[in-house]
Amino acid sequence: MSLITLALVFLLLIPGVCSQWSGWSVSYSPSHICALKDSTVTMSCTYKYPTGHQIMKAFWTKTLVKDNEEPPDLSKDPEYSQRLQYLGDKQQNCTVRLSHVTRKDSHMYYFRFITNKPGGKWIGDPGVTLTVTDLQVESPERVTEGDSVNLRCKSSCALTDRATFIWYRNSQPLTERRDRNNELLLQSVRREDSGRYSCAVDGHTHISPDVQLNVMYPPVKPVIYISPSGVIVKGDSVTLNCISDSNPPAEISWIKGGTIVGSGRIYSISKISSDDSGEYKCKSINEHGEKYSDAVTLNVMYSPKNVSVLMSGSGVIVEGDSVTLYCISDSNPPALNFSWFKENEPSAVGSGQSFSALQSGRFYCQAHNQHGSQRSDAVTVTVHRGHGWLVWLGITACLGFFIVIIIIILFIMRKRRGAKAEDLTEKQDNLYSTVTGRDVHVSESADCYDAQYASVTSSKPRRDGNAPECRDTEEIQYATVQHHRKTETKRAEENESHYDNIRIRQPDSVLRLSNVQTVEEASVIYSRVK
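Residues numbered from 1 in each chain as written. Predicted model: local features only at pLDDT ≥ 70, side-chain atom pairs only at ≥ 80, totals over all residues. Heavy atoms only, no water.

Some points on the overall build of the chain
Line of reasoning, step 1. If you tally the helices and strands in the chain, you get two helices and 43 strands.
Line of reasoning, step 2. With 530 residues in all, the chain has 32% of them scored as buried.
Line of reasoning, step 3. Considering only residue pairs separated by 6 or more positions, the chain has 64% of its internal contacts joining residues 24 or more positions apart.
Line of reasoning, step 4. Entry remark: accessible area of the chain is about 33,600 Å², with carbon and sulfur atoms responsible for 51%. (Helix = DSSP H or I, 4+ residues; strand = E, 2+ residues; numbered from the N terminus. Buried < 20%, exposed > 50% of the residue type's maximum accessible area, 1.4 Å probe, protein only. Contact = heavy atoms within 4.5 Å. Areas by Shrake-Rupley, 256 points an atom, 1.4 Å probe, with all protein chains shown as cover.)

Here it is in structure tokens:
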């Protein structure tokens, strides 16, 4: 048989084949379904078959026919029997509902029907594709306070049903964040926005896993708590706790008086002592900033210590005197009660912070406060007996000696002043000496007091052996001047008295007076003095 003959036979058979399966079909709407985990899915379906056929069996399967074997009916599968509900009929509706879908239900599903006539079987291939997805929140790993943050509610496929998204923070719904958009925008994020975020679709029970939004921010001002609170006594155990909010957690360091004394959130002091008293601060620091706490004061109470006695003097006195002793101590609160004791005596000899000792012996004090007491070392007081008059005698002698010295000094000063005054008087009395007047004739008209003086010679004054050899030029010596009156004169111009050739002998150390110009006064003419 030729090839042409075979081709003709094949063409004649085709219409019969096509006519045999014409009118058979299954339609799915939609053919692809994206459903949320744990939701209910409805797969809408219609089918057709030739007239004259009667539907004997209709079911859904997820397996195609293999080797002429009928595929399994899902309604008889234990995994589907409780969740699958056939909503169709035996005419043309083949819709089915599947509830509480899981990721394992993602598959292609087929509708299969069988009629009452031989060969009347049909399967809707290709079937409907079901994809089951869950929700995931997509968020940046770290954000800093003040940044803008965008969170997305993400699924592996586009949901078939139109969804309204709901957002949760720390399992509490953010009602203001209901939106058809699957994004959550946080503008200028704050530290209060930190927390666990999740999303869901309105009308569905499925909620996405939580995602932590980590907002970074610098430390807030730390606060210190002291345990135990109240009065702290030497020997107690004390704990300081530094509380500071920050993200990431801050490093804590402890500072006392400008010096770092520890690190960590808790600072413990076991068997506290007075040396631990003072002001404490904690510093909180992370990569975004640092803050200091306010200072807290540890005021450690303790009993008196370092008690000692301070004396106002040497501790050696004479009979009848006293020495004051002072009790010095270090305590908190300060000691207010002091007792004084003398060695080898059973009872106290005094009280108060100071004590006057009148007797010889060794004395010590004891300081008290509400936390205890401590005694000092003893100091020695020595009293000398029967020698009081010697002391007074010595004091009187010293005073007498000083008084005599003062009197002598005053006497010497007074004597020197007298000597100076006597010397001055003597020099004044001996200024002029041995004055001889020339005989002159006095006219009748001449005044009786007008006279001529000539040849005035001063004698050298006597000098005290203790007087100084030098005198100032202003200390002038005067001598006695004698004159003789004459009754006759030859010239009228001799009526005026003249002084001439006056010589004054002075000490060698005195400057000579010379060239003294003539001065007219009371009709007396003074001429050159040599």
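What about the sheet that holds strand 3 (residues 41-48)?
Line of reasoning, step 1. Spatially, 1-3-6-5 is the arrangement adopted by the four strands of the open sheet, whose pairing is antiparallel. With one partner strand each, in any of the chains shown, strand 1 (25-29) and strand 5 (84-86) form the two edges of the open sheet. Between one strand axis and the next, the sheet turns through 20 degrees on average, direction left out of account.
Line of reasoning, step 2. Relative to strand 6 (residues 96-98), strand 3 is paired through three bridges, and the arrangement is antiparallel. In the sheet register, threonine 42 faces strand 6, and the bridge partner there is arginine 97. (Pairing = 2+ DSSP bridges. Axes fitted to C-alpha atoms, helices over the stretch in contact; angles between N-to-C directions.)

Topic: the nonpolar core
Line of reasoning, step 1. Of all hydrophobic cores here, the largest spans 26 residues; its most connected members are Tyr28, Met43, Trp60, Tyr109, Phe111 and Leu130.
Line of reasoning, step 2. Those elements that provide at least two residues to this core are strand 1, strand 2 (32-36), strand 3, strand 4 (55-61), strand 6, strand 7 (107-115) and strand 9 (128-133).
Line of reasoning, step 3. Counting residues in each nonpolar core, the second largest holds 19 residues, with Leu36, Val149, Leu151 and Leu213 among its members. (Core = buried A, V, L, I, M, F, W, Y, C linked by side-chain atoms within 4.5 Å.)

Quick word on the confidence of the model for the chain
Line of reasoning, step 1. Put simply, the chain has an average pLDDT of 78, and 72% of its residues get 70 or more.
Line of reasoning, step 2. Scored below 50 in pLDDT, residues 5-19 shows one contact in the model against residues more than four places distant or in partner chains. (pLDDT = per-residue confidence, 0-100.)

Some points on the state of the cysteines
Line of reasoning, step 1. In total, this model carries five disulfides according to the counting rule given.
Line of reasoning, step 2. Between the sulfur of cysteine 34 and that of cysteine 157 lies a disulfide, 1.6 Å long from S to S. Given an S-S torsion of about 75 degrees, the disulfide between cysteine 34 and cysteine 157 has right-handed geometry. Here the residue cysteine 34 occupies a position in strand 2, and cysteine 157 occupies one in the loop between strand 12 (149-155) and strand 13 (165-169), the gap between them amounting to 123 residues. (Disulfide = S-S within 2.5 Å.)

Focus on the environment of aspartate 38
Line of reasoning, step 1. Mapped onto the elements, aspartate 38 comes out in the loop between strand 2 and strand 3.
Line of reasoning, step 2. Once the C-alpha coordinates of aspartate 38 and aspartate 134 are considered, the two residues, 96 residues apart in sequence, prove to be 8.7 Å apart.
Line of reasoning, step 3. In contact with aspartate 38, not counting residues within four places along its chain, are His100, Val101 and Thr205.
Line of reasoning, step 4. A distance of 3.3 Å separates a polar atom in the side chain of aspartate 38 from a polar atom in the side chain of histidine 100. (Polar contact = N/O pair within 3.5 Å; in protein donor to acceptor, adjacent residues only side chain to side chain.)

Structural notes on the packing of aromatic side chains
Centre-to-centre distance and the angle between the planes together describe a pair of aromatic rings.
Line of reasoning, step 1. Within the structure shown, the criterion is met by 17 aromatic pairs.
Line of reasoning, step 2. With a centroid separation of 5.8 Å and 55 degrees between ring planes, the pair formed by tryptophan 60 and phenylalanine 111 is classed as tilted. Of this pair, tryptophan 60 sits in strand 4 while phenylalanine 111 sits in strand 7, and the two are 51 residues apart along the sequence.
Line of reasoning, step 3. Take tryptophan 60: its relative accessible area is 3%, and that puts it in the buried class. (Phe/Tyr/Trp six-rings, centres within 6.5 Å; stacked < 30°, edge-to-face > 60°.)

A few points about the sheet that holds strand 20 (residues 238-243)
Line of reasoning, step 1. Ordered in space as 18-20-23, the three strands form an open sheet in which the pairing is antiparallel. Either end of the sheet is taken by a strand with one partner, and the two such strands are strand 18 (223-227) and strand 23 (266-269). Mean inter-strand twist for the sheet, computed between neighbouring axes without regard to direction, equals 15 degrees.
Line of reasoning, step 2. Pairing analysis gives four bridges linking strand 20 to strand 23, with the strands arranged antiparallel. Note on strand 23: the bridge partner recorded for leucine 240 is tyrosine 267.

A short note on a nonpolar patch on the surface
Line of reasoning, step 1. On the surface, Phe401, Phe402, Ile405, Ile406, Ile409, Leu410 and Met413 cluster together into a nonpolar patch covering about 710 Å² of accessible area.
Line of reasoning, step 2. With respect to the helices and strands, isoleucine 405 occurs in helix 2 (residues 388-429).
Line of reasoning, step 3. The class for isoleucine 405 is partly exposed, based on a relative accessible area of 35%. (Patch = residues over 30% accessible without salt bridge, like charges linked within 9 Å, V, L, I, M, F, W, Y side chains within 5 Å. Salt bridge = Lys/Arg side-chain N within 4 Å of Asp/Glu carboxyl O.)

Observations concerning the pattern of salt bridges
One side chain can pair with another of opposite charge once the charged atoms of both are near each other.
Line of reasoning, step 1. Scanning all chains against the criterion turns up 15 salt bridges.
Line of reasoning, step 2. The shortest N-O distance in the salt bridge between arginine 112 and glutamate 70 comes to 2.7 Å. Of the two residues, arginine 112 is situated in strand 7 and glutamate 70 in the loop between strand 4 and strand 5; the sequence distance between them amounts to 42 residues.
Line of reasoning, step 3. For glutamate 70, a relative accessible area of 37% gives the class partly exposed.
Line of reasoning, step 4. Its salt-bridge partner being arginine 196, residue aspartate 210 comes within 2.9 Å of it at the nearest N-O pair. A residue pair is termed long-range when its members are at least 10 positions apart, and aspartate 210 in the loop between strand 16 (195-201) and strand 17 (211-216) and arginine 196 in strand 16 qualify at 14 residues.
Line of reasoning, step 5. Relative accessible area serves as the criterion here: at 41%, aspartate 210 is assigned to the partly exposed category.
Line of reasoning, step 6. The network of salt bridges with shared partners includes Glu138, Arg152, Lys154 and Glu183.

Looking at the environment of serine 246
Line of reasoning, step 1. The residue serine 246 is located in the loop between strand 20 and strand 21 (251-256) in this model.
Line of reasoning, step 2. A relative accessible area of 11% means that serine 246 is categorised as buried.
Line of reasoning, step 3. Residues serine 246 and histidine 288, spaced 42 residues apart in sequence, show a C-alpha to C-alpha distance of 9.1 Å.
Line of reasoning, step 4. Here proline 248 takes part through its backbone oxygen, which lies 3.2 Å from a polar atom of the side chain of serine 246.
Line of reasoning, step 5. Within the local environment of serine 246, its side chain forms a polar contact with the backbone nitrogen of alanine 250, the two atoms lying 3.0 Å apart.

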